[in-house]
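# Topology and contacts: notes
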Amino acid sequence: MALLNEVPDETEPTFLANKMENETILNYAIRHRKYVYSTRRKADFGKRAVKLVSLLDFFSSKTLINSSFSLISPSPPVVSRELNTGRLNFSSFSSKADPIMDSDMQNSVKQQQPAQRIQIYPPTTTGVSPFWIAKYERDAKKYWDQFYRRHQDKFFKDRHYLDKEWDQYFSRSGRKVILEVGCGAGNAVFPLIATYPDVFVYACDFSQRAVNLVKAHKDFNETRVSAFVCDLTADDLSEHISPASVDVVTMIFVLSAVSPEKMPLVLQNVKKVLKPNGHVLFRDYAVGDLAQERFSTKDQQISENFYVRGDGTRAYYFSNEFLTSLFKEQGLDAEELGLCCKQVENRARELVMNRRWVQAVFRFSDSVNYTPSSETPTKSDLCCQEISQPKADAEPISDFVVDMSEGMAVEMFGVPTTNDNEVIKIELGGCDFKIQVLSKEHQHTCKSTGLMLWESARLMAAILARNPSIVAGKRVLELGSGCGGICSMVAAGSASIVVATDGDSKALELLNQNITSNLRPPFLNKLVVKELKWGDRDDIDAIKAMNNEGFEVIIGTDVTYIPEAILPLFSTARELISSNSSAQKNQTPALILCHIFRRVDEPSLLSAASQYGFRLVDKWAKGSPTDESESQSLISSWFPENSFEDHIPTSALNIMYFKLD
């Protein structure tokens, strides 16, 4: 930290910049930006850190710092949130290098091409981030518990095809002991015990809810079925089943839910309880299945052929080569192996779905003299392509498992089996609002923050409902409304016109639905939804064209969490705010921000605001001590005593009230 001592005593950024003879301190600040900001309030480095941050903020205002920490073209970037690619993009305008840079830095800038896009989120081809990969693995049991809590035993159909495909393995003489791995709700267990009176079935699953569903089934009988919870990647199966006692193991669409790295652990566990010459009957997703093709257009790939669904469960797509090698390494040889294909056609919707799965039989032999046939019998001829032509409202064919969780039912049959959205009910000012947002179950795979309802929006909407004079008779603009638009809907009750904006097409689509379902004329007629990517000239001009007088109140809730988006935010607000100032204090055009400080702190916001002529005239923080002057402030007057407790879920909320200089 010796370099911190080199910062001059003066804290004025321009003075500091002019005093610099080289870029040592600046480069240090860039490299250690996170540390510098984190030490702002520490007594030991507080003052020096503030100086360094002031310096960094000054240079940040002149230049945009990219991910490699090189200095590139200044001026505010254009911000656009792209839901389909899961990216937040920034486009920089070109301009000359700042005159205060030394000659070496100027040459460096000149040699670089102006950066047109900076990707805050990784591009689609990078797939799921390491953080989420680890979380999906760690919480796999939780996601499957949630799956069965939501669907109970209604999702999969009973697998009555087992006797048609593998009757010879179940009907041989003598009492057969069967292990159903990943039993789910018992869709394979109960057809088996109904068809074969002499079989005993061990049914295991690592979801407690799934096992509970099996035990609650009307046909469950402890003399025929033993159901228990077991994670085959971690638990010892032989603690529940005697070693070498199982004749047949069924693995039906279950191994695909396990990460490829842990699949050998599952087979090793199964092999412990399988008799010599016992069989594993296998059916699972194959490479090239329509569900995998759909995944390829999303940002949900974990690794090669391994993906995460919207509900957090995972699916692997097997090739014959991978599957054969996987089982062979564990001493399980293929007796049958085939790629099965089926075309399912919906003539009414003119859709054809190509579904593919691999079906195999593996044999466990502990004999060193056992050599599998060089010509493994295949079922490829038996799994030839078939064409089904269901009606538009038909259900999937009974002997074929359709991966409904991937939205197949929506495309095939015209109606979804589940809804990815949930409804949040809010009561404000005597009005009940029902806001559709992306359900919590699916938020983890969504990079768009605009599909959720944030705490700050709830608070600001409550303030507007209790204090309609804030927007009464005024032109109001909401930046980053998201799908909820609750502030805009409340403001429409008293404002002359309200424009709700967002840069995310999916958020705008859901926003329109929420507005039309919650508002009625004349309030509905006063609320307009427009696309606005901060800094985008076309979007800004389109809004100016519908209101060339500017807006008297601009509202933004939780729009300050991306550091690189702060300058475009204030730049856009400056262009769209009204320039007409009234002599009355409360009539002066204002920018109101309500947020939780996350990656951008207050000094950074103030620095960016000042560059575009905004001056902070009032602020409020939940839980902060209130002196006499604060109690008489504008924002404090919005909060009658104990009237907002239900609308302030966290003590970290802040409100900042800006006016033009």
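Residues numbered from 1 in each chain as written. Predicted model: local features only at pLDDT ≥ 70, side-chain atom pairs only at ≥ 80, totals over all residues. Heavy atoms only, no water.

By the naming in an unreviewed UniProt entry, the protein chain goes by Methyltransferase type 12 domain-containing protein and is assigned to Hibiscus sabdariffa. In its Sequence similarities (unreviewed entry) section, the UniProt record describing the protein chain reads: "Belongs to the methyltransferase superfamily. METL family." (UniProt positions renumbered as here; feature names shortened; annotations may be inferred.)

### Points about the overall build of the protein chain
A count of helices and strands for the protein chain gives 22 helices and 25 strands. Taking all 661 residues of the protein chain together, 53% fall into the buried category. In the protein chain, 72% of the contacts between residues at least 6 apart in sequence involve partners at least 24 apart. Total accessible area computed for the protein chain in this model is approximately 30200 Å², and 48% of it derives from carbon and sulfur atoms. (Helix = DSSP H or I, 4+ residues; strand = E, 2+ residues; numbered from the N terminus. Buried < 20%, exposed > 50% of the residue type's maximum accessible area, 1.4 Å probe, protein only. Contact = heavy atoms within 4.5 Å. Areas by Shrake-Rupley, 256 points an atom, 1.4 Å probe, with all protein chains shown as cover.)

### Side note on the sheet that holds strand E19 (residues 475-479)
Strand pairing within a sheet occurs via backbone hydrogen bonds; the two strands may be parallel or antiparallel. Pairing is mixed across the open sheet formed by seven strands, whose spatial order is E21-E20-E19-E22-E23-E25-E24. Looking at strand neighbours, the two that pair on one side only are strand E21 (527-531) and strand E24 (614-621), the edges of this open sheet. When strand polarity is set aside, the average angle formed by the axes of neighbouring strands in this sheet is 20 degrees. Its contacts with the sheet place helix H18 (residues 505-518) against strand E20 (497-502) and E21, and it is angled at close to 175 degrees to E21. (Pairing = 2+ DSSP bridges. Axes fitted to C-alpha atoms, helices over the stretch in contact; angles between N-to-C directions.)

### A closer look at the nonpolar core
Counting residues in hydrophobic clusters, the biggest one holds 50 residues, and the most contacted among them are Met460, Leu464, Ile486, Trp638 and Ile655. Among the elements that take part in this core, helix H16 (residues 455-466) stands out by supplying seven residues, more than any other. Formed by 44 residues, the second largest nonpolar core is a distinct cluster that contains Val128, Tyr136, Leu179 and Phe306. (Core = buried A, V, L, I, M, F, W, Y, C linked by side-chain atoms within 4.5 Å.)

### Side note on the environment of Leu477
Among the structural elements, Leu477 can be located in strand E19. Separated by 22 residues in sequence, Leu477 and Val499 place their C-alpha atoms 4.9 Å apart. Setting aside residues no more than four positions away along its own chain, Leu477 makes contact with Val499, Thr501, Phe551, Val553, Ile554, Ile555 and Leu576.

### Brief notes about helix H20 (residues 566-576)
The buried fraction of H20 amounts to nine of the eleven residues, a majority that puts the element mostly inside the structure. Among all positions of H20, only Ile566, Leu567, Pro568, Leu569, Phe570, Ser571, Thr572, Ala573 and Leu576 are buried.

### Examining the packing of aromatic side chains
Under the criterion given, the structure shown has 28 aromatic pairs. With a centroid separation of 5.1 Å and 65 degrees between ring planes, the pair formed by Trp144 and Phe147 is classed as edge-to-face. Here the residue Trp144 and the residue Phe147 both occupy positions in helix H7 (residues 140-151), the gap between them amounting to three residues, near one helical turn. The burial state of Trp144 is the same as that of Phe147; both residues are buried. Judged by centre distance (5.1 Å) and plane angle (40 degrees), the ring pair of Tyr316 and Phe322 falls under tilted. Across the ring face of Tyr143, the terminal group of Lys142 is positioned such that the distance to the ring centre comes to 5.1 Å. The ring centre of Tyr161 lies 4.2 Å from the NZ or CZ of Arg283, which sits over that ring. (Phe/Tyr/Trp six-rings, centres within 6.5 Å; stacked < 30°, edge-to-face > 60°. Lys NZ or Arg CZ within 6 Å of the ring centre and 35° of its normal.)

### Considering the side chain of Thr250
Note on placement: Thr250 falls in strand E9 (residues 246-252). Setting aside anything within four residues of it in sequence, one finds Thr250 in contact with Phe170, Ile178, Leu179, Glu180, Val181 and Leu281.

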